[in-house]
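So the chains spell out like this:
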Amino acid sequence: MSSAGTKLELQGSTETNARLQVLLVEDNPADAELMLRELRKNGFDVSTTVVQTPTEFQRRIKEESPDIILADYNLGEWRGVEVLKILHAEGIDIPVIMVTGALGDVAAVECIKQGATDYVLKDNVARLPEAIRSALRDKHERSLRHQAEGDLARKVDELARSNADLEQFAYVASHDLQEPLRMVTAYTQLLAERYRGKLDADADKFMGYASEGALRMQVLIHDLLAFSRIGRHDAVTGSVDCNVVVEEVLQVLASAIRESGTVVTHAALPAVWADRTQVAQVFQNLIQNAIKFRRQEPPVISIQAEKAGQQWRFSVSDNGIGIAPEYAENIFVVFQRLHARGEYPGNGIGLAICKKIVERYGGKIWVESQADSGATFKFTLPSRGPDERVGARP
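Treat the numbers as computed from the prediction; the structure is a model and nothing was measured. (Residues numbered from 1 in each chain as written. Predicted model: local features only at pLDDT ≥ 70, side-chain atom pairs only at ≥ 80, totals over all residues. Heavy atoms only, no water.)

Chemist: Quick question: what am I supposed to make of the overall build of the protein chain here?
Modeler: Check the secondary structure of the protein chain and you find 11 helices and 14 strands. Going through the 394 residues of the protein chain one by one, you find that 40% of them count as buried. Once local pairs closer than 6 in sequence are excluded, the contacts in the protein chain between residues at least 24 apart make up 70%. For the protein chain, the computed accessible surface area is about 21600 Å², with 51% contributed by carbon and sulfur atoms. (Helix = DSSP H or I, 4+ residues; strand = E, 2+ residues; numbered from the N terminus. Buried < 20%, exposed > 50% of the residue type's maximum accessible area, 1.4 Å probe, protein only. Contact = heavy atoms within 4.5 Å. Areas by Shrake-Rupley, 256 points an atom, 1.4 Å probe, with all protein chains shown as cover.)

Chemist: Is there a simple way to think about the pairing of strand β7 (residues 118-121) in this case?
Modeler: Successive side chains on a regular strand alternate, one facing one side of the sheet and the next facing the other. By the alternation rule, side chains of β7 split into Asp 118 and Val 120, which are all buried, and Tyr 119 and Leu 121, of which none is buried. Pairing of strand β6 (residues 96-100) with β7, which is carried by 4 bridges, proceeds in the parallel orientation. Within β7, the residue paired with Met 98 across the bridge is Tyr 119. (Pairing = 2+ DSSP bridges.)

Chemist: Would you explain the side chain of Thr 49 in this entry?
Modeler: Mapped onto the secondary structure, Thr 49 falls in strand β2 (residues 44-51). The exposure class of Thr 49 is buried, given its relative accessible area of 15%. One polar contact links Thr 49 to Glu 64, side chain to side chain, over a distance of 3.1 Å. (Polar contact = N/O pair within 3.5 Å; in protein donor to acceptor, adjacent residues only side chain to side chain.)

Chemist: Where do I start with the environment of Ala 271 in this structure?
Modeler: Tracing the sequence through the fold places Ala 271 in strand β10 (residues 271-274). Separated by 32 residues in sequence, Ala 271 and Ser 239 place their C-alpha atoms 6.0 Å apart.

Chemist: Looking at this model, I keep getting lost on the sheet that holds strand β14 (residues 375-382). Mind explaining?
Modeler: Through backbone hydrogen bonds, the strands of a sheet pair up, either in parallel or in antiparallel fashion. The strand order across the open sheet built from 5 strands is β9-β11-β12-β14-β13, with neighbouring strands paired in mixed fashion. Here the strands that pair on one side only, and so sit at the sheet edges, are β9 (263-266) and β13 (365-369). Taking each pair of neighbouring strands and ignoring which way they run, the sheet shows an average axis angle of 20°. Relative to strand β11 (residues 300-308), β9 runs parallel, the two sharing 4 bridges. Paired with Val 263 across the two strands is Val 300, which belongs to β11. The sheet strands contacting helix α8 (residues 242-252) are β9, β11 and β12 (311-318), and the helix crosses β9 at an angle near 170°. (Axes fitted to C-alpha atoms, helices over the stretch in contact; angles between N-to-C directions.)

Chemist: Can you help me understand the packing of aromatic side chains in this one?
Modeler: Each aromatic ring pair is described using two quantities: the centre-to-centre distance and the angle formed by the ring planes. All chains considered together, the criterion is met by 4 aromatic pairs. Measuring from ring centre to ring centre gives 5.1 Å for Phe 314 and Phe 379, while their planes differ by 10°; the resulting arrangement is stacked. Here Phe 379 lies in strand β14 and Phe 314 lies in strand β12, a separation of 65 residues in the sequence. By the burial criterion, Phe 314 is buried, and Phe 379 matches it. Among the aromatic residues, ring-to-ring pairing joins Phe 283, Phe 314 and Phe 379 into one connected group. The side chain of Lys 307 reaches across the aromatic face of Trp 312, ending 5.6 Å from its centre. (Phe/Tyr/Trp six-rings, centres within 6.5 Å; stacked < 30°, edge-to-face > 60°. Lys NZ or Arg CZ within 6 Å of the ring centre and 35° of its normal.)

Chemist: Please explain the side chain of Glu 38 as it appears in this structure.
Modeler: Residue placement: Glu 38 occurs in helix α2 (residues 29-41). With residues near it in sequence (within four places) discarded, Glu 38 still touches Val 125, Ala 126 and Pro 129.

Laid out in structure tokens, this is it:
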């Protein structure tokens, strides 16, 4: 932004001696002098270059950096509106005010559509200084907005890179830790088997703690690896029949369903546009949670779906122990547990995996529940769009 625009923006229309570099497209010297006199009278310290041909204008905008362009509409061999086309072609953002002796409504509207900031009639040239101040303010605000948008885009890129780095770190760390941890677990268990009862009671207790801790760490690393793989998974999206997916999940969980006496029902479910394996993982995690966090009576689970614009909104309801509303957000955070490990097994990663999968496809997941009143988990996934093709990646 030039000094004129900055000073006018900060100090307003009362600013005196504001430096203003003007590129004047005018073939009448008397009209040019009239405009310059009006600007000087209103406190502008004007520096002017006058051009009369398109070639000269194109050369000047490359050599100089005018604060504003004042262009006559009728210039004999060419028209001032062509100034706007040249600026657009060159990708240059300089305010243009059309200053003309006469301009009909249709021509005025066309000038504004082409990109002119304003137009001033020569018999009302007293309005020119305020039109210039307004144009410079608009440009300053536009520059600030573009800068803010650029800063936001950079922040988004930085956040994406940071998330990718964290995801890569989690993957590498969990993957590379598996082998040494397997050795620790194996030798700890070997020590416990070989020396249990041969040392004192404290030694047996300590070996038990070590074995349990190693096994728990092994499960944690396995879960972390599963979580990090969601972003790395080479998921090929396609139309996924949720009826088939849910039936397959129920077969996988058949043992747990039978032992707990769980009853699972579902209405006719739609097809969604996602990765089949990941959709199955969402349903499996939610059904497993409903079975795990049950009350004394057998779990009753209902799966429904309804159309919500370009998405399908699913609900998985149960009659379990429920969730207090204040924990409705926390349960989707990695490794967040609401209960002691002795009460319910697991590491608190299942719902975090569901959230990551659903958000990967532009959906949302949330829970509606009260403590001791069951829970309904809802999530959205996209339906197949008209322009989506099998093999497109999310």
